[in-house]
Amino acid sequence: MKTSFSVSNAKKLHEKIVNTLVEEKKSDLQEAKLLAYYLMEFLYEIDKTAILLEKSIEYDELSLQSYLQRLIKGEPIQYITQKAYFYGLELSVNEHTLIPRPETEELVELIIQRIGKKNLLRIADIGTGSGCIPIALAKQLPDNQYFAVDISPNTLAVAKDNAKKNDVRISFIQQDILTKNLLRIFPLHIIISNPPYICVNEKTTMNKTVMDYEPDIALFVANETPLLFYEKMALYGLDTLVSGGYLFFEINQLYGEAMRAMLLHYNYIEVEILKDLSGNDRFAVAIKP
Ligand code: GLN
């Protein structure tokens, strides 16, 4: 690959990157500044303080331009740096995992509020992705036993690496929750899931960046069966949860009432549909009788 080394004052380079992002990506100034800090930290291992102190750095203009083009095209910075932050933790992410969302941090918060005083619980997260949920919980509530399930070996590799880097113990299990002969993790006190919940016909309303870069398998469900994964987990819960055990789900805002009806249909009690900070139905909590 051709190289084109230049030396620059870090602050000037930061300004140049910001201008490019404002002009070509149409980022607002705040977003452009943040993206430029993350990119420079990733490429040159230089933090914000060193940038503001106008340290001089040697950089490769051609390589920088290729990273900028990726951002301009809409690739999330988290996939470029392969890093995301969740509940105060640093996690690795790649094309096999969703980038953890703030709503999912709210789910973790909700679970901690509800069960934080108990311990020695057996907790399973189904469709764990980057492992963000059980890793954050294990950090906060270490005296429980955690299981994390995912269909994809590539995704589980990322989650395992994240658990190791964050120094928590989780048992990882590769399986498809929709399969008939499901491995029975028994007994469980809590089942958590943020499964694919966006219907294919909602694609038109979605941010292009999400559709272009994040894994479809983690996002989409057929229009005819929006509750497919939830129903399967409700049944799994009837089989594996202790009496008084919990389901905690992140849900599609359009299906709050359908979710409540489904959970009541399977005889769950104290069913609650809760809103996220944006005021949308986003979480379901239920207890096995
Ligand atoms: N909340 C995610 C989004 O809006 C979707 C997560 C999911 O399907 N579980 O992109």
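Use the structure listed above.
Quantities reported herein were computed from a predicted structural model and do not represent experimental measurements.

A.B. asks: I tried to follow unusual backbone geometry on my own but got confused; where do I start?
C.D. replies: Residues other than glycine predominantly adopt negative phi, and peptide bonds predominantly adopt the trans conformation. A cis amide bond, omega -10°, links phenylalanine 186 with the succeeding residue proline 187. With respect to the secondary-structure elements, proline 187 resides in the loop between β7 (171-174) and β8 (188-193). Non-glycine residue lysine 26 carries a positive phi angle of around 60°. Turning to its location among the elements, lysine 26 is positioned in the loop between α1 (10-25) and α2 (29-44). Of note, the phi angle at leucine 120 is positive, near 60°, even though the residue is not glycine.

A.B. asks: Which parts of the structure should I look at to understand helix α12 (residues 256-265)?
C.D. replies: It helps to recall that an α-helix has 3.6 residues per turn; residues three or four apart then point in one direction. Among the residues of α12, those classed as buried are Gly256, Met259, Met262 and Leu263. Projected down its long axis, α12 carries its buried residues within an arc of 125°, all on one side. Residues of α12 that are exposed and point more than 90 degrees away from the buried face comprise Glu257 and His265. Residues of α12 that are buried sit in contact with α11 (228-240), β11 (241-250), β12 (269-275) and β13 (281-287). Looking one or two places after α12, you find asparagine 267, whose phi comes out positive at around 70°.

A.B. asks: Please clarify how the nonpolar core should be interpreted in this entry.
C.D. replies: One broad trend across soluble globular proteins is that nonpolar side chains are buried collectively. The biggest cluster of nonpolar side chains holds 38 residues, and the ones touching the most others in it are Tyr230, Phe249, Met259, Leu263 and Tyr268. Of all the elements, α11 adds the most residues to this core, at five residues. Apart from residues no more than four positions distant in its own chain, tyrosine 230 is found in contact with Pro195, Tyr197, Phe249, Glu250, Ile251, Asn252, Met259 and Met262. Ranked by size, the runner-up nonpolar core spans 33 residues in total, among them Ile115, Ala136, Ala163 and Phe248.

A.B. asks: Can you help me understand the pairing of strand β6 (residues 145-150) in this one?
C.D. replies: Regular strands show a simple pattern: their side chains alternate between the two faces of the sheet. For β6, the buried fraction is high: five of the six residues fall into the buried class. Across five bridges, strand β5 (residues 122-126) lies against β6 in parallel orientation. For isoleucine 126, the partnering residue across the bridge sits in β6 and is valine 149. A crossover links β5 with its parallel partner β6, the connecting element being helix α7 (residues 132-140), and its sense is right-handed. As paired strands, β6 and β7 are joined by four bridges and run parallel to one another. By the bridge assignment, aspartate 150 is partnered in β7 with glutamine 174.

A.B. asks: Would you take a moment to explain the sheet that holds β7 for this structure?
C.D. replies: Hydrogen bonds between backbone groups are what pair the strands of a sheet, and the pairing can be parallel or antiparallel. Strand order in this open sheet of seven strands is β7-β6-β5-β8-β11-β13-β12, and the pairing throughout is mixed. Strands with a single pairing partner mark the edges of an open sheet, and in this sheet they are β7 and β12. Within the sheet, the average angular offset between the axes of one strand and its neighbour, ignoring direction, is 15°. Against the sheet, α7 contacts β5, β6 and β8, and its axis sits at roughly 170° relative to β6.

A.B. asks: Would you mind showing me how to read the pattern of salt bridges here?
C.D. replies: Where side chains of opposite charge bring their charged atoms close, a pairing between them can arise. For the structure on display, the rule yields 11 salt bridges. Taking the shortest distance from any N to any O, the salt bridge between glutamate 214 and arginine 101 comes out at 3.0 Å. Placement of the pair is glutamate 214 in the loop between α9 (208-213) and α10 (216-219) and arginine 101 in the loop between β4 (89-92) and α6 (102-115), with a sequence separation of 113 residues. Taking relative accessible area as the criterion, arginine 101 reaches 21% and is therefore assigned partly exposed. With a shortest N-O distance of 3.1 Å, glutamate 257 and arginine 260 are connected by a salt bridge. Of this pair, glutamate 257 and arginine 260 both sit in helix α12, three residues apart, roughly one helical turn.

A.B. asks: Just checking my understanding: could you explain the site of the ligand for this structure?
C.D. replies: Close to the ligand lie Leu98, Arg101, Glu103, Asn194, Pro195, Pro196, Tyr197, Ile198, Ala218, Leu219 and Glu250. A distance of 2.7 Å separates an oxygen atom of the ligand from a polar atom in the side chain of arginine 101.

A.B. asks: What exactly am I supposed to notice about the packing of α1 against helix α4 (residues 61-73) here?
C.D. replies: Relative placement of two packed helices is described by the angle separating their axes and the distance separating the axes. Contact pair α1 / α4: the axes reach a minimum separation of 10 Å and the direction vectors enclose 35°. Regarding α1 and α4, the two cross each other, and that crossing is right-handed. Two secondary-structure elements touch here, α1 through Leu13, Lys16, Ile17, Thr20, Leu21, Glu24 and Lys25 and α4 through Glu61, Leu64, Leu68, Gln69, Leu71 and Ile72. In the contact of α1 with α4, the residues fall into seven nonpolar, two polar and four charged.

Cut-off values and rules
- Residues numbered from 1 in each chain as written.
- Predicted model: local features only at pLDDT ≥ 70, side-chain atom pairs only at ≥ 80, totals over all residues.
- Heavy atoms only, no water.
- Helix = DSSP H or I, 4+ residues; strand = E, 2+ residues; numbered from the N terminus.
- Buried < 20%, exposed > 50% of the residue type's maximum accessible area, 1.4 Å probe, protein only.
- Arc of directions from axis to C-beta.
- Contact = heavy atoms within 4.5 Å.
- Core = buried A, V, L, I, M, F, W, Y, C linked by side-chain atoms within 4.5 Å.
- Pairing = 2+ DSSP bridges.
- Right-handed = clockwise from strand over helix to strand, strands pointing away.
- Axes fitted to C-alpha atoms, helices over the stretch in contact; angles between N-to-C directions.
- Salt bridge = Lys/Arg side-chain N within 4 Å of Asp/Glu carboxyl O.
- Near = heavy atom within 4 Å.
- Polar contact = N/O pair within 3.5 Å; in protein donor to acceptor, adjacent residues only side chain to side chain.
- Left-handed = near helix turned anticlockwise from the far one by under 90°.
- Nonpolar A, V, L, I, M, F, W, Y, C, P; charged D, E, K, R; others polar.

Honestly, that's just the spatial picture; any functional story needs more than this.
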